[in-house]
Amino acid sequence: LVREKLRLAAGLIVDSGEPFEVHHLCLLFTFGADACCPYNAYEAIIKLHRDGKVALGEEKAFQNYKKAMGAGILKVMAKMGISAFQSYKGAQIAEPVGLHDDITKMCFTGST
């Protein structure tokens, strides 16, 4: 999308079970994701509630998780001197490490 100059005409929503930490979400956003649904994190909250390991209600636990993720992302941005999410999204501040050059060129346009 970036190479074809179509990125601004599309929204990227990640629906994945893999991201669950602040770091994971930050990487997705810096490489251009507009939103993320970390469904395994939500499933874990539901399971912890059903097993009696979380005293909060499910809805309150979801709210706490979302608030913690948002605060964590803001903290990462602040440490980098970035004050607006739009400045962070798609900035490709991180570097893809451990990938073959062909994959990096194909999937991470503008990264080395």
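These numbers were taken from a predicted model, which means no experiment stands behind them. (Residues numbered from 1 in each chain as written. Predicted model: local features only at pLDDT ≥ 70, side-chain atom pairs only at ≥ 80, totals over all residues. Heavy atoms only, no water.)

A. Main features of the pairing of strand 2 (residues 35-38). By the alternation rule, side chains of strand 2 split into Cys-36 and Pro-38, which are all buried, and Ala-35 and Cys-37, of which none is buried. In this sheet, strand 2 lies alongside strand 1 (residues 13-16) in parallel orientation, the contact comprising four bridges. Each bridged residue has a counterpart across the sheet, and for Val-14 the counterpart in strand 2 is Cys-36. Note on the crossover from strand 1 through helix 1 (residues 22-30) to strand 2: the handedness is right-handed. (Buried < 20%, exposed > 50% of the residue type's maximum accessible area, 1.4 Å probe, protein only. Helix = DSSP H or I, 4+ residues; strand = E, 2+ residues; numbered from the N terminus. Pairing = 2+ DSSP bridges. Right-handed = clockwise from strand over helix to strand, strands pointing away.)

B. How the structure looks around unusual backbone geometry. The backbone phi angle of Gln-92 is positive, close to 50 degrees, even though this residue is not glycine. Here Gln-92 is to be found in the loop between helix 4 (85-88) and helix 5 (101-107).

C. Looking closely at helix 1. Buried residues of helix 1: Leu-25, Cys-26, Phe-29 and Thr-30, and no others. Summarising the axial view, the buried residues of helix 1 lie within an arc of 130 degrees, below the 170-degree limit, and thus occupy one face. Each element contacted by the buried residues of helix 1 is listed here: strand 2, helix 3 (58-79) and helix 4. Two residues or fewer past helix 1, Gly-32 is found with a positive phi of approximately 115 degrees. (Arc of directions from axis to C-beta. Contact = heavy atoms within 4.5 Å.)

D. Geometry of the pattern of salt bridges. Taken as a whole, this structure holds two salt bridges when the rule is applied. Among the ionic pairs, Asp-34 bridges to Lys-89, the shortest N-O distance being 2.8 Å. Here Asp-34, found in the loop between helix 1 and strand 2, pairs with Lys-89, found in the loop between helix 4 and helix 5; they are 55 residues apart in sequence, far enough to count as distant. Judged by relative accessible area, Asp-34 falls into the partly exposed class, the value being 30%. Between Asp-51 and Lys-47 there is a salt bridge, with the nearest N and O atoms lying 2.7 Å from each other. The exposure class assigned to Lys-47 is exposed, which follows from its relative accessible area of 52%. (Salt bridge = Lys/Arg side-chain N within 4 Å of Asp/Glu carboxyl O.)

E. View of a nonpolar patch on the surface. Together, Leu-1, Leu-6 and Leu-12 give the surface a local cluster of nonpolar side chains, amounting to about 250 Å² of exposed area. Structurally, Leu-12 is set in the segment before strand 1. (Patch = residues over 30% accessible without salt bridge, like charges linked within 9 Å, V, L, I, M, F, W, Y side chains within 5 Å. Areas by Shrake-Rupley, 256 points an atom, 1.4 Å probe, with all protein chains shown as cover.)

F. Representation of the packing of aromatic side chains. Within this structure, the stated rule accounts for four aromatic pairs. Here the aromatic rings of Tyr-42 and Phe-62 are separated by 5.4 Å at their centres, their planes lie at 90 degrees, and the arrangement is edge-to-face. Of this pair, Tyr-42 sits in helix 2 (residues 39-50) while Phe-62 is found in helix 3, placing the two residues 20 residues apart along the sequence. The class of Tyr-42 is partly exposed, set by a relative accessible area of 21%. For Phe-62, a relative accessible area of 15% puts it in the buried group. On the basis of an interplanar angle of 80 degrees and a centroid distance of 5.8 Å, the ring pair of Tyr-42 and Tyr-65 is categorised as edge-to-face. Of the two residues, Tyr-42 sits in helix 2 while Tyr-65 sits in helix 3, which places them 23 residues apart along the sequence. Taken together, the ring pairs connect Tyr-42, Phe-62 and Tyr-65 into an aromatic cluster. (Phe/Tyr/Trp six-rings, centres within 6.5 Å; stacked < 30°, edge-to-face > 60°.)

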